[in-house]
Amino acid sequence: ELYNSTFEPVASFSVIVGDMVAVNSSSYGLRAGNYYIKVSSGLRWSSATYDFTVKSSKTNAWEKEFNNSYDMANSIKLGEKVNGSLMSSSDKDVYKVTINKTQKVRIRFNRKYIENAKSLWKVTLYDNNYRELKTMSVSGGNTSNQYSETVAVKKGTYYLTVTASWWFSSTDYALTLMSAPDYSNRFGHKESEITISRISNRTYTGKRITPSLVVKK
């Protein structure tokens, strides 16, 4: 079990006695400070000797616990990828994002392969009044990026939360709130009323007549 300097539990995991020689925990994002590790017996007791190693690396691309409330939210930028993991089925990771202009955004979520196709994560976007704007559920299985539907937002502060869905996984994830692709100007015109010019009823030889597409405001 991992505790912070005020002896609050940060994370825990169990080791099953058997053929496994080495067991790795999930990665945890921690703020600078002192931490304590406690090793105790689980459901059964063993007198086998053990050793453990704590590995750490300094990074700004990982969540910093505790960030399980809006007041303790980690600040990230639009388009910035942040890595994290849920410590338990009741854990919540909260991120704060500032949007500088009216635009459309979407959520991108990625994690490594898991042999579990059940819904494991729930990712939700809230506005500054904590109103839900968009929610996506993420399952195990493939490892490709998964995207939410786009949502229009105005300039202001927004929050992203990651929680367990119907099932729980402590697997590391990567999360990004990103600007959505803008297709409104893909023809060199703004989206507006579209009219198609008519072709008179004539017979042409050796020529293919294609209706022209005219976009008018």
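Coordinates for the structure precede this section.
Quick notes on the rules
- Residues numbered from 1 in each chain as written.
- Predicted model: local features only at pLDDT ≥ 70, side-chain atom pairs only at ≥ 80, totals over all residues.
- Heavy atoms only, no water.
- Helix = DSSP H or I, 4+ residues; strand = E, 2+ residues; numbered from the N terminus.
- Contact = heavy atoms within 4.5 Å.
- Areas by Shrake-Rupley, 256 points an atom, 1.4 Å probe, with all protein chains shown as cover.
- Pairing = 2+ DSSP bridges.
- Axes fitted to C-alpha atoms, helices over the stretch in contact; angles between N-to-C directions.
- Polar contact = N/O pair within 3.5 Å; in protein donor to acceptor, adjacent residues only side chain to side chain.
- Salt bridge = Lys/Arg side-chain N within 4 Å of Asp/Glu carboxyl O.
- Buried < 20%, exposed > 50% of the residue type's maximum accessible area, 1.4 Å probe, protein only.

For this particular structure, what's the right way to read the overall build of the protein chain?
What the protein chain contains, in helices and strands, is zero helices and 15 strands. Put simply, of all contacts in the protein chain between residues at least 6 apart along the chain, 67% involve residues at least 24 apart. Carbon together with sulfur atoms contributes 48% to the accessible area of the protein chain, which is approximately 15,700 Å² in total.

What am I meant to see in the sheet that holds strand E1 (residues 2-3) here?
Taking strand neighbours across the sheet as the criterion, the three strands line up as E2-E1-E3 in an open arrangement whose pairing is antiparallel. The two strands at the open ends of the sheet, each matched to only one other strand, are strand E2 (9-11) and strand E3 (36-37). With two bridges connecting them, E1 and E2 associate as antiparallel partners. Looking at the pairing, Tyr-3 lines up with Pro-9 of E2.

Help me understand the sheet that holds strand E9 (residues 132-141), please; the structure alone is not making it clear to me.
Picture the strands of a sheet paired through backbone hydrogen bonds; they go either parallel or antiparallel. The five strands lie next to each other as E4-E6-E12-E8-E9, forming an open sheet whose pairing is mixed. Whereas interior strands pair on both sides, the edge strands pair on one side only; in this sheet they are strand E4 (74-76) and E9. Taken over all neighbouring pairs, the strand axes of this sheet differ in orientation by 25° on average, direction set aside. The pairing of E4 with strand E6 (residues 92-99) spans three bridges and is parallel. Counterpart to Asn-74 in the pairing with E6 is Tyr-95.

What should I look at first to understand the side chain of Asp-127 in this one?
Position of Asp-127 among the secondary structure elements: in the loop between strand E8 (114-126) and E9. Side-chain polar atoms of Asp-127 contact the backbone nitrogen of Asn-129, separated by 2.9 Å. Side chain to side chain, Asp-127 and Arg-131 meet in a polar contact 2.8 Å long.

Looking at this structure, how should I read the environment of Tyr-159?
As for its placement among the helices and strands, Tyr-159 is situated in strand E12 (residues 156-164). For Tyr-159 and Leu-133, which are 26 residues apart along the polypeptide, the C-alpha to C-alpha distance reads 9.9 Å.

Just to check I follow, could you spell out the pattern of salt bridges for this structure?
Any two side chains of opposite charge can pair, on the condition that their charged atoms come close. Overall, the coordinates contain three salt bridges when judged by the stated rule. In this structure, the salt-bridge partner of Arg-131 is Asp-127, at a minimum N-O distance of 2.8 Å. Take Asp-127: its relative accessible area is 9%, and that puts it in the buried class. Among the salt bridges present, the one from Glu-149 reaches Lys-134, with a minimum N-O distance of 3.4 Å. You can see Glu-149 sitting in the loop between strand E10 (146-147) and strand E11 (151-153) and its partner Lys-134 sitting in strand E9, a full 15 residues away along the chain. Of the residues examined, Glu-149 reaches a relative accessible area of 58% and is grouped as exposed. Owing to a relative accessible area of 18%, Lys-134 belongs among the buried residues under this scheme.

Could you clarify how one ought to interpret unusual backbone geometry in this entry?
Working note: non-glycine residues mostly have negative phi, and peptide bonds are mostly trans. With an omega of -5°, the peptide bond between Glu-65 and Phe-66 qualifies as cis. Within the element layout of this structure, Phe-66 appears in the loop between E3 and E4. Not every positive phi belongs to a glycine, and Tyr-130 is a case in point at roughly 65°. In this fold, Tyr-130 is placed in the loop between E8 and E9.

Got a minute to help me understand the pairing of E8 in this structure?
Regular strands have side chains that alternate between both faces of the sheet. Across eight bridges, the pairing between E8 and E9 is antiparallel. In the strand pairing of E9, Tyr-126 is matched with Glu-132. The sheet contact formed by E8 and E12 spans six bridges and is antiparallel. Bridge assignment links Leu-125 to a residue of E12, and that residue is Leu-160.

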